[in-house]
Amino acid sequence: MKIAFLRPNLGGQRSNDAIEPLGFAVLSGLTDRNKHEVLLFDERIENIPMDLEVDLVVITTFTLTAKRAYTIADNYRKKGIYVVIGGYHASLMPEEVQEYADTVFVGSAEGNWEKFLIELENGHPQKVYEEIKLPDISEVVYDRSLFKDKKYSFVVPVQFGRGCMHQCEFCTIGSVHKGDYAHRKVELVIEEIKEIFRTNKRAKVIYFVDDNIFANKKKALHLFNELKKLKIKWACQGSIDIAKDEDLVKLMSESGCIEMLLGFENINIMNIKKMNKKSNYDFDYENIIRIFKKHRILVHASYVIGYDYDTKDYFQEILDFSNKHKFFLAGFNPALPIPGTPFYDRLKNEGRLLYDKWWLDDDFRYGKAAYTPHNMTVEEFEAGILRCKVEYNTHKNIWLRLFDGAANFRHALIFLAVNYINRKEIYNKKGIKL
Ligand code: SF4
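Everything quoted here is computed from the prediction, not taken from an experiment.

Asker: Could you give an account of the overall build of the protein, with specific residues and numbers?
Answerer: Secondary structure assignment for the protein yields 17 helices and 14 strands. For 434 residues, the compact-globule estimate of 2.2 N^0.38 gives 22 Å, and the C-alpha radius of gyration of the protein, at 21 Å, lies within 12% of that figure. For the C-alpha atoms alone, the extent of the protein along its principal axes is close to 60 × 55 × 35 Å. Among the 434 residues that make up the protein, the fraction classed as buried is 57%. Restricting the contact set of the protein to residue pairs at least 6 apart, pairs at least 24 apart contribute 73%.

So this is what it looks like as structure tokens:
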């Protein structure tokens, strides 16, 4: 069979910060390439053709790209081509996705993908393939040949583990994996990284896309010790509770970690409790930041704004906090009720959702509020988020943040390149239709 893997983007637009979509590397690795031909089109870096002559179209989707995914799926189904949809949105909203796909993948693909290909060839594919529990991924091989000659970022993603031990109210990871997590073998990951630097001339920094790199501390330690031998630069994301162990942060730095996305989420403990963000309950943010700066790791602060105790004055507070610490990047994310999460269900029960299905609504735009906040108006919420993004990323502020005397200046080239790409993306995405 000829199989097309398609990665739609927000409103069908291009992006400047696209990294390789690893989910398709998993599928490709599970596909018998002597029997099947695979193609990849990623709308963040190229057009998705609407007239491919293939036997099977496979689309991955997040809630923000669901509408675009359905448009592409409709186009191919009208031509009589079999369409599969998977990804986080499919895992959270399988009934909705079934309206747009011949088959829906819920949860992980390992095991089910191979079965599906056989059943499709035999003419008896199922409507839904479901694998809620994380499978054993220790030996899973990611086939990166799909990405050859595609213009992705100099930041190359690698997956060590999937899932997270926490279940924050707003988070899709917690809702899909329910506190479960699984890891690949360290040796396999290390070999993959060596191969990336051997074959990919663009590669400068490895980005561990794990939902929480510290899901298993013992395995994380093993990984960091092996990374130390490679003398590469790497980045990751994780929960802030890890900073309690300064030796671990020191080891990260020694093994080449230059950047970490930290989920601060909010600087009001009342909101942290409402979010069920257990990793942040100790709430000593100043000390955590001090430790990361001491070990010269760039801090990418990630926030969720608009929770029930945030007022219109909160935007200035969070800007002041971010400017004071001169974070490498700060993600001022409006709280978004993703269907399938407890946050969505709570807002729905409280009658606060502004759209029946915001992700499919023609009036919804990227950056708009999807619900009524408690302590500010919808207009104040939307304007406050935009103001934070714009003010934190003015030319002047980017250069002021560069000179923080710790991590930012040490990694000046990466700091400037990523900050300017991020600034461009803020304006690209502003107000676009999904
Ligand atoms: S710690 Fe992060 S990845 Fe884990 S459930 Fe919370 S928000 Fe999601």
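Now that the structure has been shown, we can carry on.
Asker: So what about the side chain of Glu119? Which residues, and what values?
Answerer: Structurally, the position occupied by Glu119 is in helix 5 (residues 112-121). Buried and unpaired, Glu119 has no salt bridge, with Lys115 as the nearest side chain of opposite charge at 4.5 Å. Those residues in contact with Glu119, other than ones at most four positions away along the chain, are His124, Pro125, Gln126 and Tyr129.

Asker: Lay out the UniProt feature "domain: Radical SAM core" (unreviewed entry) in the protein with the relevant residues and their values.
Answerer: Here, the residues flagged by UniProt with the feature "domain: Radical SAM core" (unreviewed entry) are residues 150-401. Along residues 150-401, the helical share is 40% and the strand share 17%, with 32 Å between the first and last C-alpha atoms.

Asker: Help me get a handle on the packing of helix 15 (residues 395-402) against helix 17 (residues 412-429), residues and values and all.
Answerer: The relative placement of two packed helices comes down to the angle between their axes together with the axis-to-axis distance. Where helix 15 meets helix 17, the axes come as close as 11 Å, and the angle between the chain directions of the two elements is 155°. Here helix 15 is positioned roughly antiparallel relative to helix 17, judged by the angle of their axes. For the pair helix 15 and helix 17, the sense of crossing is right-handed. Within the contact between the two elements, helix 15 uses His395, Ile398, Trp399, Arg401 and Leu402 and helix 17 uses Ala412, Phe415, Leu416, Asn419, Tyr420 and Arg423. Among the residues making up the contact of helix 15 with helix 17, the classes are represented as 7 nonpolar, 2 polar and 2 charged.

Asker: Can you lay out the site of the ligand for me, pointing to particular residues and giving the numbers?
Answerer: Close to the ligand lie Cys164, His166, Cys168, Phe170, Cys171, Asp211 and Lys277. Looking at the shell around the ligand residue by residue, the class counts come to 4 nonpolar, 1 polar and 2 charged.

Rules behind the numbers
All residue numbers refer to positions counted from 1 along the written sequence of the respective chain. Local features in this predicted model are restricted to residues of pLDDT 70 or higher, and side-chain atom pairs are both shown and tallied only at a pLDDT of 80 or more, whereas totals for entire chains, interfaces and linings draw on every residue. Working from all heavy atoms in the structure, the side-chain values ignore hydrogens and water. Helix numbering and strand numbering both begin at the N terminus, where a helix is a DSSP run of H or I of at least 4 residues and a strand a DSSP run of E of at least 2. Each radius of gyration is computed over the set of C-alpha atoms, and the globule rule expresses the reference value as 2.2 Å times the number of residues to the power 0.38. The cut-offs for exposure are 20% and 50% of the maximum accessible area for each residue type, with area from a 1.4 Å probe on protein chains only; residues under the lower value are buried, those over the upper are exposed, and the others partly exposed. In what follows, residue pairs with any heavy atoms lying within 4.5 Å of each other are defined as contacts. Charge assignment in this entry is limited to Lys and Arg as positive and Asp and Glu as negative, and neither His nor the chain termini are counted. The working definition used for a salt bridge is a side-chain nitrogen of Lys or Arg within 4 Å of a carboxyl oxygen of Asp or Glu. UniProt positions are given in the numbering used here, feature names are shortened, and annotations may be inferred rather than shown by experiment. Here an axis means a line fitted to C-alpha atoms, over the contact stretch when the element is a helix, while the angle between two N-to-C directions is reported on a 0 to 180 degree scale. Angles below 35 degrees are treated as roughly parallel, those above 145 as roughly antiparallel, those between 65 and 115 as roughly perpendicular, and all remaining angles as oblique. Helix crossings fall into two classes, left-handed where the near helix is turned counterclockwise from the far one by less than a right angle and right-handed where it is turned clockwise. Residue type decides the class: Asp, Glu, Lys and Arg count as charged, Ala, Val, Leu, Ile, Met, Phe, Trp, Tyr, Cys and Pro as nonpolar, and the leftover types, Gly among them, as polar. In these notes, residues near a molecule or strand are those with any non-hydrogen atom within 4 Å of it.

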